[in-house]
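Spelled out, the chains give:
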Amino acid sequence: MLSYCKINLGLTVGPRRSDSLHRIYSVFLPIGIGDEVIIERSSKFSFYSENQISGSVAFRAFEDVSERGGNLEKNLMVRAYRSIEAYLPQGQALSLQIKKRIPPGTGIGSGSSNAACVLRYARNQHWLTTELAHEIAKSLGADVPFFLGGWPALVRGIGDEIEPISVGPVHGLVCFPGLFVSTGEAYTRLKRPLQQSVDAKFGSLLSDSDWQAIASGDWSRLAHWGNDFEGPVFEMFPELAKIKDAFVDSGAVYSSLSGSGSALYGLYSSNQMAIGALGSLQSRYPELQFETFALWEQ
């Protein structure tokens, strides 16, 4: 199965709560690129991975949490399995296999999606209820609950409030710049103060006109809504700001960092425009990885 990824269309981060977590407000769009995952019943747990990641830093980051590294139990897919192990029938285990294509630390949720694949499999086998799968997903990471569904959504809370939405056509291009961005460091650099009260602005970030633009795929009308992480991440890696400018130069009607990671994307008015931009950007940045994408549909 495809362990599909996502992009963040806008991302607003609220103050730090008393439990040190942050409320977010973002539109998540599932996209049709990702890792290849195979999950099978087995009498004994096993994990096998094929590392196809480009870029030495990201390659090593995944190797460290693979069966070849020293931190397999930190792998989100393995953590998901450990979380459901007690709910499997007696004598039942799973064999997990993955062809890892999407670099970690890029903000498009590849690790979270890998974990969700395990939870969806267990749910489909009726080992987990939908409610239990959601609770386990929340314990694994902020993006994991989204990947249990697979539809475009408004995501709020700590990533656990998910409201499906309608969106228009998506013609996109993503860049993986070979950089690993730590989520923890990105949040620290945001410097959000501790505040226990609810941030009122979260209820009115998008207007009726904005929602109409999302439903029709008129992404240019959302240029006013960006990603709060761009400031701190561009401060760490100034070259990313230049790549974002290059997306705009190539004809993107909307361009942004995704999540708290290093991946940048552009949305275009047509698939032909996206393909044309791919050639232009590959010529400009031959050392970087670019890939076109559309909305992932079940």
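Residues numbered from 1 in each chain as written. Predicted model: local features only at pLDDT ≥ 70, side-chain atom pairs only at ≥ 80, totals over all residues. Heavy atoms only, no water.

A. Just the overall build of the protein, in detail. Each helix and strand counted, the protein has 10 helices and 10 strands in total. On C-alpha atoms alone, the protein measures out to a radius of gyration of 19 Å, which is about the 19 Å that the 2.2 N^0.38 rule sets for 298 residues. Principal axes of the C-alpha set define a box for the protein whose edges measure 55 × 45 × 35 Å. Classification of the 298 residues of the protein by burial places 52% in the buried group. Expressed as a percentage of contacts within the protein between residues at least 6 apart in sequence, the contacts between residues at least 24 apart total 74%. Total accessible area on the protein is roughly 12900 Å²; 49% of this is exposed by carbon and sulfur atoms. When the 26 basic and 30 acidic side-chain charges of the protein are each reduced to a single mean position, those positions are 4 Å apart. (Helix = DSSP H or I, 4+ residues; strand = E, 2+ residues; numbered from the N terminus. Rg over C-alpha atoms; globule rule 2.2 N^0.38 Å. Buried < 20%, exposed > 50% of the residue type's maximum accessible area, 1.4 Å probe, protein only. Contact = heavy atoms within 4.5 Å. Areas by Shrake-Rupley, 256 points an atom, 1.4 Å probe, with all protein chains shown as cover. Lys, Arg positive; Asp, Glu negative; His and termini not counted. Charge placed at Lys NZ, Arg CZ, Asp CG, Glu CD.)

B. Region of the structure containing helix α2 (residues 76-84). By the burial criterion, the buried members of α2 are Met 77, Val 78, Ala 80, Tyr 81 and Ile 84. An end-on view of α2 places all buried positions within 155° of arc, on one side of the element. Close packing links the buried residues of α2 with β2 (22-42), β3 (46-51), β4 (93-100), α3 (110-124) and α4 (130-140). (Arc of directions from axis to C-beta.)

C. Looking closely at the packing of aromatic side chains. This structure, assessed with the given rule, holds 10 aromatic pairs. Judged by centre distance (4.0 Å) and plane angle (15°), the ring pair of Tyr 4 and Trp 296 falls under stacked. With Tyr 4 in strand β1 (residues 2-16) and Trp 296 in the segment after β10 (289-294), the pair connects residues that are 292 residues apart, well separated along the chain. One exposure class covers both Tyr 4 and Trp 296, and it is buried. With a centroid separation of 4.4 Å and an interplanar angle of 20°, the aromatic rings of Phe 45 and Tyr 81 are classed as stacked. Of the two residues, Phe 45 is situated in the loop between β2 and β3 and Tyr 81 in helix α2; the sequence distance between them amounts to 36 residues. You'll find Phe 45 and Tyr 81 in the same group, each marked buried. Through a chain of ring-to-ring contacts, three or more aromatic side chains come together here, namely Tyr 4, Phe 28, Phe 146, Phe 147 and Trp 296. In this arrangement the basic side chain of Lys 6 is found over the ring face of Phe 28, its NZ or CZ atom lying 4.8 Å from the centre. (Phe/Tyr/Trp six-rings, centres within 6.5 Å; stacked < 30°, edge-to-face > 60°. Lys NZ or Arg CZ within 6 Å of the ring centre and 35° of its normal.)

D. Main features of the environment of Phe 59. Along the chain, the position of Phe 59 falls in helix α1 (residues 56-64). Spatially, the C-alpha atoms of Phe 59 and Leu 2 are 20 Å apart, while their sequence positions differ by 57 residues. Apart from the residues within four sequence positions on either side, Phe 59 is in contact with Asn 51 and Ile 53.

E. Local environment of the sheet that holds strand β7 (residues 171-176). Strand order in the open sheet formed by 4 strands is β8-β9-β7-β10, with antiparallel pairing between adjacent strands. Here the strands that pair on one side only, and so sit at the sheet edges, are β8 (254-257) and β10. Averaged over all neighbouring strand pairs, the angle between strand axes comes to 20°, with direction disregarded. Pairing between β7 and strand β9 (residues 264-267): 4 bridges, direction antiparallel. By the bridge assignment, Gly 172 is partnered in β9 with Leu 267. (Pairing = 2+ DSSP bridges. Axes fitted to C-alpha atoms, helices over the stretch in contact; angles between N-to-C directions.)

F. Expanded view of the nonpolar core. Ranked by size, the top nonpolar core spans 69 residues in total, and within it Leu 119 and Phe 247 carry the most contacts. Take this core: its biggest share by element is 7 residues, from α3. Of all hydrophobic cores here, the second largest spans 26 residues; its members include Ile 165, Val 167, Val 174 and Leu 267. (Core = buried A, V, L, I, M, F, W, Y, C linked by side-chain atoms within 4.5 Å.)

G. Representation of the packing of α2 against α3 within the structure. Running from N to C, α2 and α3 cross one another at 30°; their axes reach a closest spacing of 7 Å. For the element pair α2 / α3, the angle class is roughly parallel. For the pair α2 and α3, the crossing hand works out as right-handed. Within the contact between the two elements, α2 uses Leu 76, Met 77, Ala 80, Tyr 81 and Ile 84 and α3 uses Gly 111, Ser 112, Asn 114, Ala 115, Val 118, Leu 119 and Ala 122. In terms of residue class, the contact of α2 with α3 is built from 9 nonpolar, 3 polar and no charged. (Parallel < 35°, antiparallel > 145°, perpendicular 65-115°, else oblique. Left-handed = near helix turned anticlockwise from the far one by under 90°. Nonpolar A, V, L, I, M, F, W, Y, C, P; charged D, E, K, R; others polar.)

H. Representation of the environment of Arg 82 in the model. Here Arg 82 is to be found in helix α2. The partly exposed category is assigned to Arg 82, whose relative accessible area is 36%. Each C-alpha atom of the pair Arg 82 and Gly 141 lies 14 Å from the other, and the pair is 59 residues apart in sequence. Contact partners of Arg 82, with chain neighbours within four places excluded, come to Phe 45 and Glu 73. A polar contact of 3.4 Å, which involves the side chain of Arg 82, links it to the side chain of Glu 85. (Polar contact = N/O pair within 3.5 Å; in protein donor to acceptor, adjacent residues only side chain to side chain.)

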